[in-house]
Amino acid sequence: MDLRIFTEPQQGATYDTLLAVAKATEDLGFDAFFRSDHYLSMGSGDGLPGPTDAWITLAGLARETKRIRLGTLMTAGTFRLPGVLAIQVAQVDQMSGGRIELGLGAGWFEEEHKAYGIPFPKEKIARLEEQLEIVTGLWATGTGQTFDYHGTYYDLTQSPALPKPAQARVPVLIGGHGATRTPRLAARFADEFNMPFASIEDTATQFGRVRDAARAAGRDPGDLVYSNALVVCVGKDDQEVARRAAAIGREVDELKANGLAGSPAEVVDKIGRYAGTGSSRIYLQVLDLHDLDHLELISAQVQSQLS
């Protein structure tokens, strides 16, 4: 089971804070550092000092880390034109020496679009499909060849399809709860399917849909990595769990029901139940980015039992 650290910087974080978390992620032996792609805080927090851009952040981290994978859960398709996104991701992949992964979603948070003047189209899933076709098509086009695409929403003519990523194939992540179109897109484009913030039962159901969609597309379902994203709140004892839950404005019982919370033993046990669905990777949503002792505890007493 791979454990990856997943952050939500729109809730309030500077680049320096994210850098400290990324370096701890690397030093403590975690597999990867991922971040969300949002421009507005959610809930009651003020989000100070304000949003940071996902791909600018990852470009910086690409130069300041050496081992960990870096990526997004998920880049909002509404934020970037697909041709520009292909250039950005390829460049950051080069800057990292081939450690980038692209999670790409349709975008959903209408308020942040209104706040920063970003169009919020009605047909987001159909646009996402074209975006996936374009991004992966540009990267797959041979050097010296050109790429053309004429869709409903995007039109590319005689693109040189440059630059190329450092990796032969940048892993593409698709995720979500949709019962039909999401599994179909995953079967067609994804290297990894991620089920965010879902119960063990709902995870098993959705993984089953993705496997069925892969078979229907003529693809081996075992070609995909299956993963979860879950909030994490671990403590050496009940008092430490309660303190960490309070720090992120959550109740312990709710966290235990909907995430990975409690003692290291409790969390290891629950991760094992997610593994039973076929999940081989967990993105640990860390909401208090200043509590690096939390990462140390997870590394020493959770990750060590899963290695």
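Above this text is the structure in question.
Reference entry: report on the structure contained in this document. (Residues numbered from 1 in each chain as written. Predicted model: local features only at pLDDT ≥ 70, side-chain atom pairs only at ≥ 80, totals over all residues. Heavy atoms only, no water.)

## Re the nonpolar core
Formed by 70 residues in total, the largest nonpolar core has its most connected members in L3, W55, L102, L284 and V302. Excluding anything up to four places from it in sequence, W55 contacts T72, T75, R80, L85, V89, V92, I100, E101 and L102. Core analysis: the second largest hydrophobic core is formed by seven residues, F34, L173, A229 and Y283 among them. (Core = buried A, V, L, I, M, F, W, Y, C linked by side-chain atoms within 4.5 Å. Buried < 20%, exposed > 50% of the residue type's maximum accessible area, 1.4 Å probe, protein only. Contact = heavy atoms within 4.5 Å.)

## Side note on the layout of surface pockets
To find the voids left in a structure, one rolls a probe of water-molecule size over its atoms. In this structure, the second largest pocket encloses a volume near 170 Å³. As for the second largest pocket, its lining consists of 13 residues, of which G77, T78, P121, R127 and Y154 are closest to the centre. For the lining of the second largest pocket, the class distribution of residues is seven nonpolar, three polar and three charged. (1 Å grid on protein atoms, 1.4 Å probe; cavity = no way out; pocket = protein on both sides within 12 Å on 5 of 7 lines; lining within 4 Å. Points joined across faces, edges and corners; volume = space filled by probe spheres on them. Nonpolar A, V, L, I, M, F, W, Y, C, P; charged D, E, K, R; others polar.)

## Some points on the environment of L185
The topology assignment puts L185 in helix α6 (residues 181-189). Accessibility expressed as a relative area gives 2% for L185, which makes it buried. Counting along the chain gives 29 residues from L185 to A214, while the straight-line C-alpha distance between them is 9.4 Å. In this view, L185 contacts I125, L128, E129, L132, I174 and A190; residues no more than four positions away in its chain are not counted. (Helix = DSSP H or I, 4+ residues; strand = E, 2+ residues; numbered from the N terminus.)

## Structural notes on the packing of aromatic side chains
Inspection of every chain in the model, using the stated rule, returns six aromatic pairs. Plain terms: the ring middles of F34 and Y283 are 5.0 Å apart, the flat faces sit at 70° to each other, and that makes the pair edge-to-face. Taken together, the positions of F34 in strand β2 (residues 32-35) and Y283 in strand β12 (residues 281-286) put the pair 249 residues apart, joining distant regions of the chain. Residue classification places F34 among the buried residues on the basis of a relative accessible area of 0%. On the numbers, 6.2 Å between centres and 80° between planes, the contact of F193 with F207 is edge-to-face. Here F207 lies in helix α7 (residues 200-216) and F193 lies in strand β9 (residues 192-196), a separation of 14 residues in the sequence. What makes F193 buried here is its relative accessible area of 0%. Through a chain of ring-to-ring contacts, three or more aromatic side chains come together here, namely Y39, F79 and Y116. If you follow R211 out to its NZ or CZ, it ends over the ring of Y226, 4.6 Å from the centre. (Phe/Tyr/Trp six-rings, centres within 6.5 Å; stacked < 30°, edge-to-face > 60°. Lys NZ or Arg CZ within 6 Å of the ring centre and 35° of its normal.)

## Comments concerning empty space enclosed by the protein
Applying the stated criterion to the full structure yields one cavity of 30 Å³ or more. Counted as a void, the largest cavity has a volume near 60 Å³. Along its surface, the largest cavity is lined by V232, C233, R244, A247, I248, V286, L287, D288, D291 and H294. Among the elements of the structure, β10 (225-234) and α8 (238-247) are those that each provide at least two residues to the lining of the largest cavity.

## Digging into the pairing of strand β6 (residues 147-150)
Judged by which residues are buried, β6 turns out to be one-sided: F147 and Y149 face inward and are buried, whereas D148 and H150, on the alternate face, are not. Direction of pairing for β6 relative to strand β7 (residues 155-159): antiparallel, over a ladder of three bridges. Within the sheet, the bridge partner assigned to H150 lies in β7 and is D155. (Pairing = 2+ DSSP bridges.)

## Some details on helix α3 (residues 82-96)
It helps to recall that an α-helix has 3.6 residues per turn; residues three or four apart then point in one direction. Given a rise of 1.5 Å per residue, 15 residues ought to cover 21 Å, and the 21 Å separating the end C-alpha atoms of α3 matches this to within 8%. For α3, every residue scored as buried is listed here: P82, L85, A86, V89, A90, V92, D93 and S96. Taken down its axis, α3 places every buried residue within 165° of arc, on the same side. The inward-facing, buried residues of α3 contact α2 (54-64), β4 (75-76), β5 (100-105) and α5 (124-140). Just beyond α3, the residue with positive phi is G97, at close to 75°. (Expected span 1.5 Å × (residues − 1). Arc of directions from axis to C-beta.)

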